[in-house]
Amino acid sequence: MNPWDEVRRRISSRNEADLAEYLTGLSDADRRAVAAQVPGHLTSRLDGTSRWQIRERLGERATGYRLAGAACMSGAAQVAAWLSRRELREVRDPAADAALVMSVLRHRPEAWRRDLAARLVRRVRPPAGPEWMRLQDAPGWELAAALVVETGIEPPESDGFVACWAWRVAARHRQNGGRPVLGDDPLLDRLLPRLFTAQGVAEALIADEEGSRRQQLEATRLSGRPDGSAHDRPGGTANDRPDDGWPVGTAINRPDDGWLSGTARDRTGDRPDGTARDRLGDLADDSARDRTGGGLAAGTCLSIIGELVALAAAGRVSREALVAGCASRFMAGGEAAGTAPFVTLWRLLETSVAEIPVLDFVRLLPSGASPFVQLALDELRRAEAAGALDDELFAEAIGALVFRPEKKYVTAAVRWLGAAPPSRGGTAVAALAQVLEADLPTLRDRAVRLAVKLAPHADETARDAVREAAARLPEEARERLATAYGPLADVAPPKPPSVGTLTAPPLPRLAPPLASAAELAAEMLELRWPEEPHQYERIMAGLVELSHRDREAVVTLLAPRWHGYYGHPDNPMGHAYPSNDRTTRDLLQRCVLALVYPDYSRRLTSAMAERQEAYQQREVLPQEIVLRRLREIIHLFEREETIPVLLATPTAATGHVDPATLLDRMERLGDAEPLDADFWQALLRLPREVDEALVVRAEKLPTEAGRRLARWLRDGNLPGPAVRKESGLPDPAVRNEPGPPDPAVRNEPGLPGWLSELGSVRFDSARCSYPEEIVWWPTIMPSHRNVVAKYLVKCLSWLSERSDARAEAVVTLAHGDGPAGRATALAITAFLGHPRPAQRAAAAQALAVLAVRGQFPAGDFGWAIAKLIQDGDLSLKRITASLADLVDDGAHAEVWQAFTTALPPLLPKAGERPRGGLGEFLTVAVRAAILAGARGEVPGLAELAGRKGSSLVLQEARRLHGTV
């Protein structure tokens with residue numbers, strides 16, 4: 001048997017150790033023969049395979065192919081390209097793979113291996129995906145790192161290589177309970193300087209610190225000891241426990257050879273505005289202080305930052321290098337998340353005043369990320385106390401801070417200036433002009449008092465700046481500043497407030513129907529995620545109509561791509577899981593499968609039925625309609641039948657079906673009855689008003705479905721439900737909990753049994769499986785807006801919190817028809833306070849649509865704001881920003897009417913503290929009232945405005961009371 005046949009046999013048998021030993025013994029001629037064959041063999045094995053099927057097709061054989069190429073190909077460039085092929089990059093066990101590849105490379109010359117190491121390092125990509133994926137071995141890193149260590153080369157510049165190293169260290173911390181790992185890391189000395197420059201490192205540092213903190217808290221909880229030590233417990237590490245916060249069995253258990261990896265749940269905790277939360281510090285601070293003889297306290301769960309601080313204290317790494325590295329990272333700039341871990345490291349290093357780069361810190365204040373600016377402010381105050389900040393830099397720092405967009409830094413500048421001696425403060429008086437012009441009433445009053453105090457020490461340039469800014473202040477403030485700074489310029493009459501013209505962009509137009517089998521095949525390949533209902537409707541209609549017109553042409557195009565899609569054609573059990581029968585995406589794929597392979601689809605459906613759970617909870621009714629329609633198409637194709645057309649395909653982006661078009665479709669069916677769920681969905685999508693002539697036309701249809709349609713059109717279809725103006729929706733209506741039927745919405749006696757409870761909005765025997773599904777619901781009943789809204793409100797926690805909740809649903813809801821009551825207001829308001837700007841923008845667009853159409857539920861909207869804020873489901877800060885945008889966009893009258901309902905329950909009663917953010921909320925109310933020309937009494941406002949004090953809440957309450 002020739003060498004290639006032996007290699008191929010060993011690859012197929014997946015005996016990598018035997019293969020490596022065989023390859024090591026080959027002659028140069030045999031290696032050349034194998035190298036000539038292996039690429040073509042791999043290509044033939046993967047011919048026609050999609051990238052999602054590559055791993056399944058190769059299985060455990062990827063390492064065998066890698067060994068063959070590494071041992072037999074000649075040049076380092078060729079071997080590096082082979083090992084980095086997309087098909088071969090991911091292996092089952094990267095550590096074992098790296099060890100085997102290293103064994104077949106040892107016959108290569110030293111210079112050759114050093115060249116290969118450098119090439120592989122350059123090819124390592126930064127980890128991507130959620131946190132648990134980044135904590136696993138990144139493709140290619142294990143072998144590149146092993147070669148770097150063995151050859152001793154200085155790794156070439158590669159952000160990906162450094163970021164992967166940081167994530168590997170974080171993974172090792174997760175696996176060993178937070179014990180030290182960096183001190184003996186063979187890459188530490190070579191990669192430490194690059195830790196401060198490489199992109200992608202900060203994410204690893206933050207994830208590592210969070211994991212370390214969780215381990216420490218868990219150890220403390222289980223041991224009952226403040227330091228978290230657990231040495232008196234059997235197997236006393238967090239890693240040994242099944243309840244340590246990580247999925248059991250997800251870590252790769254192998255000997256601690258220095259390159260360990262693990263997985264963890266993706267945990268995010270950024271602020272709603274996108275800035276990184278200060279997750280770093282406490283744990284590392286403890287680990288930096290609890291040292292004994294250069295070591296670390298027993299039981300301490302370490303992070304990379306904590307270890308670096310401890311190693312610097314022990315002399316293992318240069319403390320000066322860490323300080324300089326942090327400073328260089330600050331100078332490079334970047335977002336908050338990329339700066340935060342280095343800010344924490346700087347604080348833990350406890351730098352001396354002499355180590356503070358004062359000039360650089362001052363110059364970075366205008367553009368630095370928020371975590372750095374807070375650090376710089378603290379350090380500059382420390383430098384000032386030590387006499388290391390001169391007057392010129394002090395004035396520059398104050399001037400930079402007052403121009404920051406964050407209110408806290410403007411406040412800090414005013415306080416810092418107020419605490420300085422008057423002679424020193426006089427050098428920075430010009431900065432107060434910016435504060436006087438800012439829309440910050442509380443700070444403005446403080447700035448006026450400070451400007452008066454510092455007037456004798458201000459130079460003429462500063463005095464001019466203050467006088468110019470003072471000319472636009474209220475009369476009392478102008479008088480005080482004029483006394484201190486001299487006559488002010490004449491005040492121009494205030495310009496009338498300007499607002500935008502309220503507009504409501506229409507929904508996107510529907511794409512035309514699919515006209516050919518080729519268009520259908522192309523659309524299936526472009527199936528979008530997250531799913532778009534109208535794309536699914538278009539594909540469903542195309543499958544049915546085109547297969548009826550020319551089934552053979554459709555099957556010919558689609559069959560090759562669906563062969564083996566759901567497992568082996570003779571064995572469907574591997575994919576016969578109930579989960580493959582629950583989502584729209586899976587069911588749409590099965591529609592295609594049923595069309596091109598009906599026999600296999602029937603066996604798959606039967607196998608799923610056998611595995612069906614004894615008690616199968618159904619989906620909530622709007623989603624159940626979608627799933628039933630898809631299953632109907634599957635069963636139609638499994639019977640190897642076709643029909644000319646689907647009835648319920650929307651003709652408008654709202655989901656409506658034009659009545660005349662529906663009648664045309666019914667007439668195309670002739671004497672045949674339509675698919676049941678498709679028929680009822682078509683009825684639910686009809687508009688509220690129908691031409692009488694169409695009723696007459698419907699009465700001539702020859703089928704039972706035709707007679708039902710005629711009755712539906714004649715009797716006005718479902719009743720138009722109006723949600724009663726009760727004092728508040730019952731708790732089950734604002735939580736994802738079961739609840740009694742709403743008596744305000746009666747069931748329609750003519751509906752089939754499975755659909756009879758559609759109007760009752762019951763969740764007690766149904767479930768909402770996925771937040772993204774709600775995007776379908778407004779298109780299910782586009783003429784019954786508030787019924788759909790009540791289903792949305794059942795998922796309220798999703799709407800206000802989940803990042804994958806589809807806010808487009810409320811935009812489509814607003815474009816629909818029917819009453820807009822409290823449920824509609826609650827659904828939209830929940831999105832209006834969402835942490836993500838995109839969801840808030842969609843909710844604002846929905847309100848704009850209602851306002852333009854004259855359907856804005858102002859009273860219900862105000863009630864919803866107050867209720868969600870009082871229940872803790874809504875952030876007052878976020879909804880204030882959204883309301884301000886709506887006011888500026890031209891919805892001031894509608895928003896003011898909502899304020900008249902929202903304010904009374906939110907204003908503090910006598911003796912109560914105002915809730916956080918109320919001052920800014922009142923500021924928006926003032927603007928809305930001014931623009932709307934509002935007059936009238938707001939309960940509780942006069943009493944609040946009459947209280948003594950100078951807080952923003954009281955100042956804005958007085959302004960609002962004076963306005964209305």
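What you see as residue numbers is a count from 1 along each chain, following the sequence as written. Residues qualify for local features only when their pLDDT is at least 70, as the model is predicted, and side-chain atom pairs are given and counted only at 80 or more; totals for whole chains, interfaces and linings, by contrast, use all residues. For the side-chain quantities, the full set of heavy atoms in the structure was used; hydrogens and water were omitted.

Next up on the list: the overall build of the protein. Under the DSSP-based scheme used, a helix requires at least four consecutive residues in state H or I and a strand at least two consecutive residues in state E, with every element numbered from the N terminus. Each helix and strand in the protein was counted, giving 49 helices and two strands. Residue contacts follow a heavy-atom distance rule, with two residues in contact if any of their heavy atoms lie within 4.5 Å. Within the protein, contacts between residues at least 6 apart in sequence are counted, and of these 75% link residues at least 24 apart. Only the protein chains shown count as cover for residues, and the accessible areas themselves come from Shrake-Rupley with a 1.4 Å probe. Total accessible area computed for the protein in this model is approximately 41,500 Å², and 51% of it derives from carbon and sulfur atoms.

To continue, consider the nonpolar core. Looking at soluble globular proteins, one finds that nonpolar side chains tend to be buried together. Counting residues in hydrophobic clusters, the biggest one holds 144 residues, and the most contacted among them are Leu543, Leu709, Leu883, Trp896, Phe899 and Leu960. Here this core takes ten residues from helix α29 (residues 533-562), the largest share from any one element. Contacts of Leu709, omitting those with residues within four sequence positions, involve Leu662, Leu663, Met666, Phe679, Leu683, Leu686, Ala698 and Leu701. Remark: nonpolar core denotes a set of buried residues (Ala, Val, Leu, Ile, Met, Phe, Trp, Tyr, Cys) joined through side-chain atoms within 4.5 Å. Summary of the burial criterion: residues with accessible area below 20% of their type's maximum are buried, those above 50% are exposed, and those between are partly exposed, where the area comes from a 1.4 Å probe applied to protein chains only. With 143 residues, the next largest nonpolar core counts Val124, Phe342, Phe372 and Leu380 among its residues.

To obtain an axis, a line is fitted to C-alpha atoms, over the contacting stretch when the element is a helix, and the angle between two such axes runs from 0 to 180 degrees between their N-to-C directions. Put simply, helix α33 (residues 659-669) and helix α36 (residues 704-715) touch, their axes get as near as 11 Å, and they point 165° apart. Judged by the angle between their axes, α33 and α36 are roughly antiparallel. As for the relative orientation of α33 and α36, their crossing is left-handed in sense. Side by side, α33 and α36 meet where Leu662, Leu663 and Met666 of the first sit next to Ala705, Gly706 and Leu709 of the second. Gly is placed with the polar residues, together with every amino acid not listed as nonpolar (Ala, Val, Leu, Ile, Met, Phe, Trp, Tyr, Cys and Pro) or charged (Asp, Glu, Lys and Arg). By residue class, the composition of the contact of α33 with α36 is five nonpolar, one polar and no charged. Geometric relationships in this document are graded by angle, where less than 35 degrees denotes roughly parallel, more than 145 denotes roughly antiparallel, 65 to 115 denotes roughly perpendicular, and other angles denote oblique. Left-handed is the label given to a crossing in which the near helix is rotated counterclockwise from the far helix by less than a right angle, and right-handed is the label when the rotation is clockwise.

Here we come to the pattern of salt bridges. Salt bridge, as used here: a side-chain nitrogen of Lys or Arg that lies within 4 Å of a carboxyl oxygen of Asp or Glu. Per the counting criterion, the structure on display carries 50 salt bridges. Here Asp28 ties to Arg31 by a salt bridge, and the two come within 3.5 Å at their closest N and O atoms. You can see Asp28 and its partner Arg31 sitting in helix α3 (residues 28-45), three residues apart, about one turn around the helix. We classify Asp28 as exposed; its relative accessible area is 53%. Taken together, the shared-partner salt bridges connect Glu6, Arg9, Arg10 and Asp18 into one network.

A positive phi angle, close to 60°, is found at Arg14, a residue other than glycine. If you trace the backbone, Arg14 turns up in the loop between α1 (3-13) and α2 (16-24). With phi around 50°, Glu350 is a residue other than glycine that occupies positive phi space. Tracing the sequence through the fold places Glu350 in the loop between α18 (336-349) and α19 (358-364). According to the relative accessible area criterion, Glu350 is exposed, its value standing at 55%.

Moving on, we come to the packing of aromatic side chains. For Phe, Tyr and Trp, rings pair up if their centres lie within 6.5 Å, where Trp contributes its six-membered ring, and each pair is then called stacked (planes under 30 degrees apart), edge-to-face (over 60) or tilted (otherwise). The final tally for this structure, using the stated rule, is 15 aromatic pairs. Look at Phe330 and Phe361: their rings are 6.1 Å apart centre to centre, the planes differ by 70°, and that puts the pair in the edge-to-face class. On the criterion of sequence distance, the pair formed by Phe330 in helix α17 (residues 319-332) and Phe361 in helix α19 is long-range, its members being 31 residues apart. Comparing Phe330 with Phe361, the two get one shared label, buried. Ring geometry for Trp680 and Trp712: centres 6.2 Å apart, planes at 65°, overall edge-to-face. Remark: Trp712 occurs in helix α36 and Trp680 occurs in helix α34 (residues 676-684); sequence separation between them is 32 residues. Looking at Trp680, the relative accessible area reads 4%, which means it is buried. One aromatic cluster is present, built from ring pairs that chain together Phe330, Trp346, Phe361 and Phe372.

Turning our eyes to something else, we now look at the environment of Ile643. Assignment of secondary structure puts Ile643 in the loop between α32 (621-638) and α33. On the basis of relative accessible area, Ile643 is assigned to the buried category, the value being 16%. Along the backbone, Ile643 and Leu669 are 26 residues apart, and their C-alpha atoms lie at a distance of 7.5 Å. Residues contacting Ile643, with those up to four places away along its chain left out, are Val544, His548, Leu636 and Leu675.

The buried fraction of α34 is high, at eight of nine residues. Taken as a whole, α34 has its buried residues at Ala677, Asp678, Phe679, Trp680, Gln681, Ala682, Leu683 and Leu684. Those residues of α34 hidden inside the fold are in contact with α32, α33, α36 and α38 (777-780).

For cavity detection a 1 Å grid was placed over the protein atoms alone, and a set of points counts as a cavity when a 1.4 Å probe fits there but cannot get out; an open set counts as a pocket when protein lies on both sides within 12 Å along at least five of seven lines, with lining residues being those that have an atom within 4 Å of a point. Grid points are joined across faces, edges and corners, and a volume is the space filled by probe spheres set on the points. By the definition in use, this model includes one cavity of 30 Å³ or more. Of the pockets and cavities examined, the largest cavity occupies roughly 70 Å³. At the level of elements, α9 (110-123) and α11 (141-151) are the ones that each hand at least two residues to the lining of the largest cavity.

With that settled, the discussion passes to the confidence of the model for the protein. Note: predicted coordinates in regions of low pLDDT should not be interpreted at a detailed level. The predicted model of the protein averages 82 in pLDDT, with 81% of residues at 70 or higher. Looking at any residue, its pLDDT shows the predictor's confidence there, from 0 to 100. A low-confidence stretch, residues 227-299 (pLDDT under 50), is modelled with 157 contacts involving residues beyond four sequence positions or located in other chains. Of the regions scoring below 50 in pLDDT, residues 719-747 engages in 63 contacts with residues more than four places distant in sequence or in other chains.

For any two helices packed against each other, the geometry comes down to the angle between their axes and how far apart the axes lie. Helix α49 (residues 952-963) packs onto helix α25 (residues 441-454) with a crossing angle of 105° between their chain directions and a minimal axis gap of 8 Å. Relative to α49, the element α25 is oriented roughly perpendicular. Where α25 abuts α49, its residues Pro441, Thr442 and Asp445 lie against Leu952, Gln955 and Glu956. Within the contact of α25 with α49, the residues separate by chemical class into two nonpolar, two polar and two charged.

Moving on: a negative patch on the surface. A grouping of Asp445, Glu475, Glu476 and Glu479 is seen on the molecular surface, where their side chains present a negatively charged patch. One can find Asp445 in helix α25. Two distance rules govern patches: like charges are joined within 9 Å, and nonpolar side chains (Val, Leu, Ile, Met, Phe, Trp, Tyr) within 5 Å, applied only to residues with over 30% relative accessible area and no salt bridge. For the charge count, each Lys or Arg is scored as positive and each Asp or Glu as negative, with His and the chain ends excluded. Note that the charge is assigned to NZ on lysines, CZ on arginines, CG on aspartates and CD on glutamates.

Every buried residue of helix α6 (residues 76-83) is accounted for by Ala76, Val79, Ala80, Trp82 and Leu83. Down the axis of α6, the sector holding all buried residues measures 160°, keeping them to one side. For α6, the elements touching its buried residues are α3, α5 (62-72), α7 (86-89), α8 (94-105), α9 and α11. Taken from the helix axis, the directions to the C-beta atoms give the arc we talk about.

Turning to the environment of Lys790, a few remarks are in order. Among the structural elements, Lys790 can be located in helix α39 (residues 785-793). C-alpha separation for the pair Lys790 and Ala823, spaced 33 residues apart in sequence, amounts to 5.2 Å.

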